Amino acid sequence: MPKSSSIQKLKSKVQKSKIQNGITQDFDSGLSDRYSILIAGVDEVGRGALFGPVVAAAVVLPPSALEELVAAQIRDSKKLSRDRRLKLAAHICQVALDWRIGFATSAEIDRINILQASLLAMKRAVLKLKIQPELCLVDGRQPIKDLFIPQQAIVKGDEQSLAIASASIVAKVWRDALITRLAVKYPQYDLVTNKGYGTQRHIEGLHQHGPCRLHRLSFRPCQVRE
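All values derive from a computational prediction rather than experimental measurement.

Scoring rules and cut-offs
Residues numbered from 1 in each chain as written. Predicted model: local features only at pLDDT ≥ 70, side-chain atom pairs only at ≥ 80, totals over all residues. Heavy atoms only, no water. Core = buried A, V, L, I, M, F, W, Y, C linked by side-chain atoms within 4.5 Å. Buried < 20%, exposed > 50% of the residue type's maximum accessible area, 1.4 Å probe, protein only. Helix = DSSP H or I, 4+ residues; strand = E, 2+ residues; numbered from the N terminus. Contact = heavy atoms within 4.5 Å. Pairing = 2+ DSSP bridges. Axes fitted to C-alpha atoms, helices over the stretch in contact; angles between N-to-C directions. Phe/Tyr/Trp six-rings, centres within 6.5 Å; stacked < 30°, edge-to-face > 60°. Salt bridge = Lys/Arg side-chain N within 4 Å of Asp/Glu carboxyl O.

Glancing now at the nonpolar core. By size, the foremost hydrophobic cluster in this structure holds 35 residues, and its most contacted members are Val 42, Val 126 and Cys 136. Every element with two or more residues in this core is listed here: strand E1 (39-45), strand E2 (54-60), helix H6 (114-128), strand E4 (135-139) and helix H7 (162-183). Here Cys 136 is in contact with Ala 40, Val 42, Val 126, Leu 147, Ile 149, Pro 150, Gln 151 and Gln 152, once residues within four sequence places are set aside. One finds Ile 92, Val 95, Ile 169 and Ala 171 within the second-largest nonpolar core, a separate group that totals 26 residues.

Right under this line is the structure:
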């Protein structure tokens, strides 16, 4: 199992060799080749939204798929257009050995706070995997609590690891599709456009209609009265 110092060295190498249009395979292949381990990338989306769950994905990629994903210019989901995300998500799910979604509800976010809910969503995604990885690469500063699988938290991991970037794309596409379906029931918040984030029209909808049961009431913009 790689030590933190070994992972830090790989991160430094990746920073030096990073290409402008995407992520290289150096980080993931460096770990899988050197230590002969199966890696899962884990990331979440929706932390800053006012509405709906925070959603995480865990993606296990085979080493043989890394080169084609580099060629497809995988990157952090926030840097991709909607159409590009949809195509890449389909590609990722096709080549992945396994991928799973986990989420934490608005009520859970209000109860335990958004950071802990994000970690819970990531844990749920990992525990759903049918193929157990030997190492989880987790985007961010915080490790997942009470995870029985070895893990490494990586700041800006979606800019360095193909597995983490792939997880961010899959999670984003899944959450966007969910919010789009929910928008039919809650048309007053312009959710189709904002996907639950605090745009001007969303805030106006909150002031005009008040929050619904899927809003995060612990978030200040949702603390309004109809």
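The subject of this paragraph is the pairing of E2. Remark: a regular strand shows side chains that alternate across the two faces of the sheet. Counting buried positions along E2 gives seven out of seven residues, so the element sits mostly inside the fold. Where burial is concerned, the two faces of E2 agree: the one with Val 54, Ala 56, Ala 58 and Val 60 and the one with Val 55, Ala 57 and Val 59 are both buried. Pairing of E1 with E2, which is carried by six bridges, proceeds in the antiparallel orientation. Following the sheet pairing, Gly 41 is matched in E2 by Val 59. When E2 meets strand E3 (residues 98-104), the two strands line up antiparallel, connected through seven bridges. Along E3, the bridge assignment pairs Ala 58 with Arg 100.

Moving on to the sheet that holds E3. With mixed pairing, the five strands of this open sheet are ordered in space as E3-E2-E1-E4-E5. Of all strands in the sheet, those with a lone pairing partner are E3 and strand E5 (151-154), marking the two edges. Across this sheet, the average inter-strand angle for adjacent strands is 20 degrees, counted without regard to direction. Two elements, E1 and E4, share four bridges in a ladder whose sense is parallel. When the bridges of E4 are listed, Ala 40 appears paired with Cys 136. Sheet strands touched by H7: E1, E2, E3, E4 and E5. Its angle to E1, the strand with the most contacts, is close to 40 degrees.

Right, let's get into the packing of aromatic side chains. All told, the structure shown has two aromatic pairs when counted by the stated rule. Ring centres of Phe 51 and Tyr 186 lie 5.8 Å apart, and the angle between their planes is 70 degrees; on these two criteria the pair is classed as edge-to-face. Of the two residues, Phe 51 is situated in the loop between E1 and E2 and Tyr 186 in the loop between H7 and helix H8 (191-194); the sequence distance between them amounts to 135 residues. Here Phe 51 matches Tyr 186 in class, with each residue buried. Between Phe 103 and Trp 174, the aromatic rings sit 6.1 Å apart at their centres with planes inclined by 20 degrees, giving stacked as the arrangement.

Let us look at the pattern of salt bridges. Any two side chains of opposite charge can pair, on the condition that their charged atoms come close. Applying the stated criterion across every chain, the model contains eight salt bridges. Of the charged contacts, one joins Asp 83 and Arg 82 as a salt bridge, the two residues approaching to 3.4 Å between their closest N and O atoms. Between Asp 176 and Lys 172 there is a salt bridge whose closest N-O contact spans 3.2 Å. In this pair, Asp 176 and Lys 172 both sit in helix H7, four residues apart, roughly one turn of the helix. One exposure class covers both Asp 176 and Lys 172, and it is buried. Bridged by salt links that share partners, the residues Arg 85, Lys 172 and Asp 176 form one connected network.

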